[in-house]
Amino acid sequence: MCCAFVQEGVKMVQGSLPLHWRKYPERYRLEGNINEQTGQEFFPARVVDPTAGRGGKLKAKEMPREGKILSWTEVFAGPLGFENETPYFLAIVELTNGVKLLTQVVDSEKEKIKIGAKVKKMFRKISDTDAEGAIAYGYKFRVVG
Amino acid sequence: MRSVSIISVGLTRFGEHWDKNFKELIAEAGTKAIVDSGLERKDIQAVYGGCMASGRFVGQEHIGALIADQLGLNPIPATRIEAACASGGVALRNGYMAVGSGMYDVVAVGGVEKMTEVSTEDAGYALGGAGDQETELFMGASFPALYAMMARAHMKEFGTTEEQMAAVSVKNHKNAVHNEYAQFRSEITIEDVMKSGYIASPLKLLDCSPITDGAAAVILCATDVAKKMKLVDKAVEIIASAQTSDTLALAHRKNLWETKAAKIAADEAYKQAGIKAKDVSFAEVHDCFSPAEIMAIEALGFCKQGEGGKFTEQGNTAIGGTIPVNTSGGLKAFGHAIGATGIKQAIEAYWQLNNMAGKRQVKGAEIGLSHNVGGSGATCVVHLYRKV
């Protein structure tokens, strides 16, 4: 993790190359995991099932790529790394398997971004301000229909 | 656990301290508390300091030792507590446990944050660390954005309006006018809030607490020891201390429109003190954003779930209302120097219970409550106070 102290021209945004690499399955394919015994699914993947402890075996599983918006916001003041991206939309999305995640909503008409709207996963650039120069890609969602 | 009391307090003004650095803020608040306690520095046996992100804000870590050094308390044990915006409240709880357990008779507890040394974007990024770095901040979710999504869910579920949320800011600004330590001592109107620009819709600039420098400190003493030493003149007993946790990421909660950790902490605190929500005379709650106060008063049981907006709009939480909330001005108008906020809430309770709050005094105040939240609700600390 790169954490250069704040000074002119040095960004503190997190994200070393190994971190990007480790996150490929999660950020590129929406890979989480499932407790094979209980059927409970997790995203991001967990090392320990917080509801079952030692019970059941966790196995990698891709999440469904569709869901609906539970809540959303249009951001006008972004944190470091996103200050030039504003305005942009964020939403909490519930996937069709019940798993929830936070995502940006892109390529959608503003009027269609509302609670209950159906959304679909896209593959997009997330940020390029990382200290090691790597461009971070990952999931964003768009409204369908 | 034996009874523990706050015997003295110290506070800096909250605001933009261009002329003071991190160490000076700590020294100012800490020295006031020590001097007012009537004790010698050698009587203090340990110190706990709440601080969230000094590494990001001023490049300084190792805050426990720094506090002890600045206050001339070496070589006593000195510990930093970090729980995001609840750092101060959790520090208070750790001091309470240290004395309550019998390990120490007297400890100093403080909180500090110096936030104005960095740009607003840098501050937003530092504060974003209170959420889940890998799935929230990485996606561009600042704290206003997280609370905005909680607010919109509350609006959808219960019909809460932007005007009702604005009423929280209006009330808290009105209270801060009478507080010489507050960052913003000016009244605002519902229209002012509604006209201020969106930060993250539906939250506007005047729904959001500011970026603040400040420090706060209290001296805790075992109540029986304080009585023996005749230090109970203004002592305020901590009659309950409850702390809870929840998922770090907002998306992993069952409902976006409630802070479940706060409800559990409040229930536990009321049980410890043997009281009910209706017995509370006033409360300092964590209004980092105006909808947070609405969700707080629902979680604390001052009104029914979903009715916090209407309850606020009707004036119930104003001074003179059924349950005055944030008489200090709250995080919105008093300011929110992250690590110091939880301690400053306890100080307002101390002033109110000692009838020292001047024009913002709650008449006949008997029991005070403080509610300090970390992140979007992943840590919650509730304390109850009563005059010894």
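This text goes with the structure placed above it.
Residues numbered from 1 in each chain as written. Chains lettered and ligands numbered in written order. Predicted model: local features only at pLDDT ≥ 70, side-chain atom pairs only at ≥ 80, totals over all residues. Heavy atoms only, no water.

J.: Can you tell me about the layout of surface pockets, naming the residues and giving the values?
T.: Residue and element names in this part refer to chain B. Size it by volume and the largest pocket reaches roughly 800 Å³. What lines the largest pocket is a set of 34 residues, among which T120, P144, S209, P210 and I211 lie closest to the centre. Elements supplying a minimum of two residues to the lining of the largest pocket: α5 (120–128) and α6 (143–158). The dominant element in the lining of the largest pocket, judged by the number of residues it contributes, is α5, at four residues. Along the lines of polarity and charge, the residues of the lining of the largest pocket split into 20 nonpolar, ten polar and four charged. Estimated volume of the second largest pocket: approximately 520 Å³. (1 Å grid on protein atoms, 1.4 Å probe; cavity = no way out; pocket = protein on both sides within 12 Å on 5 of 7 lines; lining within 4 Å. Points joined across faces, edges and corners; volume = space filled by probe spheres on them. Helix = DSSP H or I, 4+ residues; strand = E, 2+ residues; numbered from the N terminus. Nonpolar A, V, L, I, M, F, W, Y, C, P; charged D, E, K, R; others polar.)

J.: Quick rundown of the interface of chain B and chain A? Include the residues and the values.
T.: Reports of interface size often rely on the accessible area that becomes lost once the parts have come together. Taken residue by residue, the interface counts 36 residues in chain B and 38 residues in chain A. Here chain B packs against chain A, burying approximately 3200 Å² in sum over the two surfaces, 64% of which is carbon and sulfur. Counting the surface chain B buries against chain A, the share from its top three residues, B:F138, B:M139 and B:M149, is 22%. Connecting chain B to chain A are one salt bridge. Those elements giving two or more residues to the side of chain B that touches chain A turn out to be α2 (54–57), α5, α6 and β5 (198–200) of chain B. The leading source of residues in the side of chain B that touches chain A is α6(B), at seven residues. (Contact = heavy atoms within 4.5 Å. Buried area = accessible area lost by both parts, 1.4 Å probe. Salt bridge = Lys/Arg side-chain N within 4 Å of Asp/Glu carboxyl O.)

J.: Summarise the side chain of B:E284; cite the residues concerned and give the values.
T.: Among the structural elements, B:E284 can be located in strand β9 (residues 282–284). In this view, B:E284 contacts B:N326, B:T327, B:S328, B:K344, B:Q345, B:E348, B:L369, B:S370 and B:H371; residues no more than four positions away in its chain are not counted.

J.: So what about the packing of α6(B) against helix α11 (residues 290–299) of chain B? Which residues, and what values?
T.: Residues and elements named next belong to chain B. Packing of α6 against α11 leaves a shortest axis separation of 9 Å and a crossing angle of 60°. The pairing of α6 with α11 is recorded here as oblique in orientation. The interaxial crossing formed by α6 with α11 has left-handed handedness. Residues Y147, M150, A151 and H154 of α6 form the contact with α11, whose own contacting residues are P291, A292, I294, M295 and E298. (Axes fitted to C-alpha atoms, helices over the stretch in contact; angles between N-to-C directions. Parallel < 35°, antiparallel > 145°, perpendicular 65-115°, else oblique. Left-handed = near helix turned anticlockwise from the far one by under 90°.)

J.: Can you lay out α5(B) for me, pointing to particular residues and giving the numbers?
T.: Considered for burial, the residues of α5(B) that qualify are B:D122, B:A123, B:Y125, B:A126, B:L127 and B:G128. Packing partners of the buried residues in α5(B) comprise α2, α6 and α14 (338–353) of chain B. (Buried < 20%, exposed > 50% of the residue type's maximum accessible area, 1.4 Å probe, protein only.)

J.: Help me get a handle on the packing of aromatic side chains, residues and values and all.
T.: This structure, assessed with the given rule, holds 13 aromatic pairs over all chains. Consider the rings of B:Y147 and B:F289, whose centres lie 5.1 Å apart with planes at 35°: the pair is tilted. Of this pair, B:Y147 sits in helix α6 while B:F289 sits in the loop between β9 and α11, and the two are 142 residues apart along the sequence. Of the two residues examined, B:Y147 and B:F289, each falls in the buried class. Taken together, the ring pairs connect A:Y24, A:Y28, A:F123 and A:Y137 into an aromatic cluster. A cation over a ring is seen here: A:R27 above B:F138, with NZ or CZ 3.4 Å from the ring centre. For B:R152, the ring lying beneath its charged end belongs to A:W72, and the centroid distance is 3.5 Å. (Phe/Tyr/Trp six-rings, centres within 6.5 Å; stacked < 30°, edge-to-face > 60°. Lys NZ or Arg CZ within 6 Å of the ring centre and 35° of its normal.)

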